Amino acid sequence: MSNRETRGWAVLTVSGAELHPEDVSRILGMEPDRIIPRDAWGRGIWQLNSRPAGNEKIEEHVKDLLRRLLPVRRNLRQLAREHEVRVSCVLDAGSETEAHFELDPRYLLLAGAVGAVMEFRFQAGFQ
């Protein structure tokens, strides 16, 4: 058993039943990496992916997303009043039985300031 740092990626989504993803692009002044006009549950989704390489620490992926959102945090907070804003982190524990990650409190505060739910999913054994 080791205690290695966890790798993975992060995605920010804005979703909602009444969400028109093109409005999110206009409000934030940013282009998404993916738009889903309506998913199987009837929600529109606007998605922004982290940019670091897959072998970077998960902290770098979260930092990348939140730093990019810092200039538009007030607009994102406004969106969070009507829609769900979520930062989803997929964490690769590999074949390890124990792994860890740390997030600087500043990034946790920023996630809260924009009204984002933080979701962490640990997956073992994928490459």
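Preceding this section is the structure that the text describes.
A short tour of the structure in this document, coming up. None of these values were measured; they are calculated from a predicted model. Numbering of residues starts from 1 in each chain and follows the order in which that chain's sequence is written. For a predicted model such as this one, the threshold for reporting local features is a pLDDT of at least 70, and the threshold for listing and counting side-chain atom pairs is 80 or more; totals across whole chains, interfaces and linings nevertheless cover every residue. In computing side-chain properties, one takes all heavy atoms of the structure into account and sets aside hydrogens as well as water.

**Details of the overall build of the protein**
Each helix and strand counted, the protein has four helices and seven strands in total. Numbering of helices and strands runs from the N terminus; a helix is a DSSP stretch of H or I covering at least four residues, while a strand is a stretch of E covering at least two. Across the protein, helices and strands are ordered from the amino to the carboxyl terminus as β-β-α-β-β-α-α-β-β-α-β. Residues classed as buried in the protein amount to 43% of the 127 residues present. Here a residue-residue contact requires only that any non-hydrogen atoms of the pair lie within 4.5 Å. Contacts in the protein between residues far apart in sequence, at least 24 positions, make up 72% of those at least 6 positions apart. Residue burial is assigned from relative accessible area. The probe radius is 1.4 Å, only protein chains are included, and a residue is buried under 20% of its type maximum, exposed over 50%, and partly exposed in between.

**A few points about helix 1 (residues 21–28)**
Residues spaced three or four apart along an α-helix point in a common direction, a consequence of the helix completing one turn every 3.6 residues. Looking only at helix 1, the buried set comprises P21, V24, S25 and L28. Seen from one end, helix 1 has its buried residues packed into an arc of 100°, which puts them on one side. Just beyond helix 1, the residue with positive phi is G29, at close to 65°. In this description, the arc belongs to the directions extending from the helix axis to the C-beta atoms.

**Focus on the packing of helix 1 against helix 3 (residues 73–80)**
Orientation is described by axes fitted as lines to C-alpha atoms, over the contacting stretch for helices, and by angles from 0 to 180 degrees between their N-to-C directions. At a minimum axis separation of 9 Å, helix 1 and helix 3 run at an interaxial angle of 150°. Our classification of the angle between helix 1 and helix 3 gives roughly antiparallel. In this structure, helix 1 contributes V24, I27 and L28 to the contact, and helix 3 contributes N75, L76 and L79. Charged means Asp, Glu, Lys or Arg here, nonpolar means Ala, Val, Leu, Ile, Met, Phe, Trp, Tyr, Cys or Pro, and polar covers whatever is left, Gly included. Among the residues forming the contact of helix 1 with helix 3, the class breakdown is five nonpolar, one polar and no charged. Our angle categories are set so that under 35 degrees counts as roughly parallel, over 145 as roughly antiparallel, 65 to 115 as roughly perpendicular, and the remainder as oblique.

**A closer look at the pattern of salt bridges**
Two side chains carrying opposite charge are able to pair once their charged atoms lie near each other. Between Lys or Arg on one side and Asp or Glu on the other, a salt bridge is scored when a side-chain nitrogen of the former is within 4 Å of a carboxyl oxygen of the latter. On inspection of all chains with the given rule, the structure shows six salt bridges. Linking D64 and R51 is a salt bridge whose minimum nitrogen-to-oxygen distance equals 2.9 Å. Of this pair, D64 sits in helix 2 (residues 58–69) while R51 sits in the loop between strand 4 (44–49) and helix 2; the two residues are 13 residues apart in sequence, bridging distant segments of the chain. Salt-bridge contacts for K63 lead to E60; the nearest nitrogen and oxygen are separated by 3.7 Å. Here K63 and its partner E60 are both found in helix 2, three residues apart, which amounts to about one turn of the helix. E60 gets classed as partly exposed once you look at its relative accessible area, which sits at 28%.

**What about the nonpolar core?**
Definition used in this section: a nonpolar core is a set of buried Ala, Val, Leu, Ile, Met, Phe, Trp, Tyr and Cys residues joined via side-chain atoms within 4.5 Å. One finds L12, V14, L28, W46 and L76 to be the most contacted residues of the largest nonpolar core, which totals 27 residues. Only strand 2 (7–16), helix 1, strand 4, helix 2, helix 3, strand 5 (84–94) and helix 4 (105–113) provide two or more residues apiece to this core. When residues in this core are grouped by element, the largest group, five residues, is from helix 2. Not counting chain neighbours up to four residues away, the residues in contact with L12 comprise W46, Q47, L48, L65, L69, L76, V85, R86 and V87.

**Quick notes on the environment of A80**
Assignment of secondary structure puts A80 in helix 3. Overall, A80 belongs to the partly exposed group, its relative accessible area being 22%. Distance from A80 to G115, taken between C-alpha atoms, is 5.6 Å for residues 35 residues apart in sequence. When residues no more than four places from it in sequence are discounted, the contact partners of A80 are V85, V114 and G115.

**Some thoughts on the pairing of strand 4**
Most of strand 4 sits inside the fold, with five of its six residues counted as buried. Two strands pair under a simple rule: DSSP has to find at least two bridges between them. Looking at chain direction, strand 2 and strand 4 are connected through six bridges and run antiparallel. Bridge pairing in strand 4 links G16 to G44.

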